Amino acid sequence: MAAKAEANLTAELWDGSLVPLGPNARSDVRLCIRSAAAFRRLLKSPNLMTVYEQFAAGQLDVVGASPLQAADLWDHGKLLQLGRSLDRKKLVALAWPFLLGAGSAKTEAPAATAPSFDDTVPATPSAGRDDQAMISFHYDVSNDFYALFLDPEMVYSCGYFAEPGMSIEDAQVLKLDRICQKLRLAPGDRMLDIGCGWGGLICHAVTKYGVTVHGVTLSKEQLAFCEAKVARLGIADKVTLELRDYRSIEGKAQYDRISQIEMFEHVGLDNHEAHFKTVHRLLRPRGTYLHQASTRRATLDPADFRKETSYVKVIRRYIFPGGDLDHIGMSTTNLERYGFEVHDIENMREHFAITLRHWEKRLYDRRVEGERLAGRDRTRLWLIYFAMFAKSFERGTTGVFQTVATRRYSGPSGLPLQRTP
C-alpha cells in the first residue's frame, strides 16, 4: 500500500524500519515518524492540522532534505487521490503490528507546543478584534530571526525575478523599483505606506525618488528597526513613522500615493470595506494606490468562499491569526465599489514561488540559529509554512497580484497612455 504513494522518498518508523513510498524510492531522504503514538494520531486524524502539530513537536520529521525538497519528491495531486481512496480499516489492520511494538502504542505523542493563537478571533475591531496582538504574534518574534532568511533590505513580500536565476537580493530591489514606477513617484510627492514592515519600500522611495513618506505598522519590532534604518541613512527629515492602525489616521486627501504591500492579508474579509474607504479618504483625487496581496481562487458559489479550509485553519492558528485571502475579482470589485478606477493588474504568483524557495532554503541552512532566536517549534513551523505555500503558488491554488488604481475623478486619470515600468 505504501508504494501507491508513488513518492521518491522513504518512510522511517520509530523502530528503525524503512518503508519505501514508491517504486525505487530513494532512502537518503526520509519521512520519519518518531513514535507509535504519533503514527496513531496521524491515522486517527489524517489532516493538515495533525501534520503541522506533529512536525512542530518533532514527532514528524524530514531527514536528508528540507521540507520543501522533500515535498518536491512527492506528487501532491497523487497524494490527495491516494488519501481519498485509502481504506482506513485496512490501513489500521496493516499498521497494527507496528502500533503494538515496544508498548509505545499506550503512550501519547507530545502535544504541539508551538506558539498558537486562539481560533476564535472576532471579525471586526468593534467586536473586539485585536489587530495589534495578531500582528505582534507574527512579527514581534525577533528581527534577527527574520534576517536569517530575508534579503538585506528585510522585504517580507514577493520579489520580482527578471530571470529564474536572479538573486533574492536583486529581485527585491527590482520589485521595490517597479512599485515606485507604478506609483509614478516624483520628488515632492507625499506617500503613505500602510503596514510598512522593516522599511524597505520607504527607504527606496525616499532615497531613489525624493518623496516624503509616512509609514505605519502595528509591530513594535518592525518600528524599532525602521527608525534605526532611517536614522542611519540620514533621511529622518523625509520620513514619519508610527506604531498605529492606519484606519485611525485623521484627515482627508493627505497623500498623493498610497502603497499596501501584502498587509491586506491580515485585515480580514469583514474589514475590507473599512480598508478601501480609508484609502479613498486619505488619497487625493487622481492619486495612485498600489495594492499588492496574495489571493485564493474564487469559488463557483460565492457562499463557499468563506468556508474554512484545512489550510486556512492551520495558517490562522499557527502563522497568520485572523488572516484572510480574498480573490482578485473581490479586490477589483471593492476598488470600484469604493471610488477607485482600476488600471493595471499583474499576476506575480510564480515570482512568489521562487521567493519562497529562497526563504525556505536560507532558513533551513540556518535553522540552528533560528531555533536559538525563535525556538525550535516556531522555526519548524516557518519551514513547513514556506514549503506549503511554495507548492501552493507553483500549483496556482494561491496567487498574488499587484493592482494599480487611482481615486476616481471625472476626466483624464492622469496616468500616461503607455505604462510599462
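Keep in mind that what you see is a predicted model, and the values were worked out from it rather than measured. (Residues numbered from 1 in each chain as written. Predicted model: local features only at pLDDT ≥ 70, side-chain atom pairs only at ≥ 80, totals over all residues. Heavy atoms only, no water.)

J.: Outline the sheet that holds strand S4 (residues 60-63), supporting the account with residue identities and numerical values.
T.: Taken together, the four strands give an open sheet; going across it, the order is S2-S1-S3-S4, and neighbouring strands pair in mixed fashion. The outermost strands of the open sheet, each flanked by one partner alone, are strand S2 (18-20) and S4. Shown here is a sheet whose adjacent strand axes are inclined to one another by a mean of 25°, direction ignored. The sheet contact formed by strand S1 (residues 10-12) and S2 spans three bridges and is antiparallel. When the sheet's bridge partners are listed, Glu 12 is paired in S2 with Leu 18. (Pairing = 2+ DSSP bridges. Helix = DSSP H or I, 4+ residues; strand = E, 2+ residues; numbered from the N terminus. Axes fitted to C-alpha atoms, helices over the stretch in contact; angles between N-to-C directions.)

J.: Describe the side chain of Thr 50, listing the residues and the values that go with them.
T.: Note that Thr 50 resides in helix H2 (residues 48-56). Those residues within four positions of Thr 50 in sequence are excluded, and the remaining contacts are Arg 41, Leu 42 and Ser 45. (Contact = heavy atoms within 4.5 Å.)

J.: For the packing of helix H8 (residues 168-182) against helix H14 (residues 349-365), give the residues involved together with the corresponding values.
T.: How two helices sit against one another is set out by the angle between their axes and by the gap between those axes. Contact geometry for H8 and H14: axes closest at 11 Å, N-to-C directions at 140°. Relative to H14, H8 is oriented oblique. H8 and H14 meet at a crossing whose hand is left-handed. Packed against H8, whose contacting residues are Ile 168, Glu 169 and Gln 172, the element H14 presents Thr 355, His 358, Trp 359 and Arg 362 at the interface. Along the lines of polarity and charge, the residues of the contact of H8 with H14 split into two nonpolar, three polar and two charged. (Parallel < 35°, antiparallel > 145°, perpendicular 65-115°, else oblique. Left-handed = near helix turned anticlockwise from the far one by under 90°. Nonpolar A, V, L, I, M, F, W, Y, C, P; charged D, E, K, R; others polar.)

J.: Give a detailed account of the nonpolar core, specifying residues and quantitative values.
T.: Core analysis: the largest hydrophobic core is formed by 60 residues, its most contacted members being Tyr 52, Tyr 146, Phe 149, Tyr 156, Trp 382 and Tyr 385. Of all hydrophobic cores here, the second largest spans 25 residues; its members include Val 206, Val 211, Val 239 and Leu 241. (Core = buried A, V, L, I, M, F, W, Y, C linked by side-chain atoms within 4.5 Å. Buried < 20%, exposed > 50% of the residue type's maximum accessible area, 1.4 Å probe, protein only.)

J.: Quick rundown of the packing of aromatic side chains? Include the residues and the values.
T.: Summed over all chains, the structure comprises 27 aromatic pairs. On the basis of an interplanar angle of 45° and a centroid distance of 4.8 Å, the ring pair of Tyr 146 and Trp 198 is categorised as tilted. Pair noted here: Tyr 146 is in helix H7 (residues 143-147) and Trp 198 is in the loop between strand S5 (190-194) and helix H9 (200-209), with a separation of 52 residues, a long-range link. A single burial state applies to Tyr 146 and to Trp 198, both of which are buried. Relative to Trp 359, the ring of Phe 352 lies with its centre 6.0 Å away and its plane at 90°, an arrangement referred to as edge-to-face. Of the two residues, Phe 352 and Trp 359, neither departs from the other in class, the shared state being buried. Over the ring of Phe 137 we find Arg 378; its NZ or CZ atom is 5.4 Å from the centre of that ring. (Phe/Tyr/Trp six-rings, centres within 6.5 Å; stacked < 30°, edge-to-face > 60°. Lys NZ or Arg CZ within 6 Å of the ring centre and 35° of its normal.)

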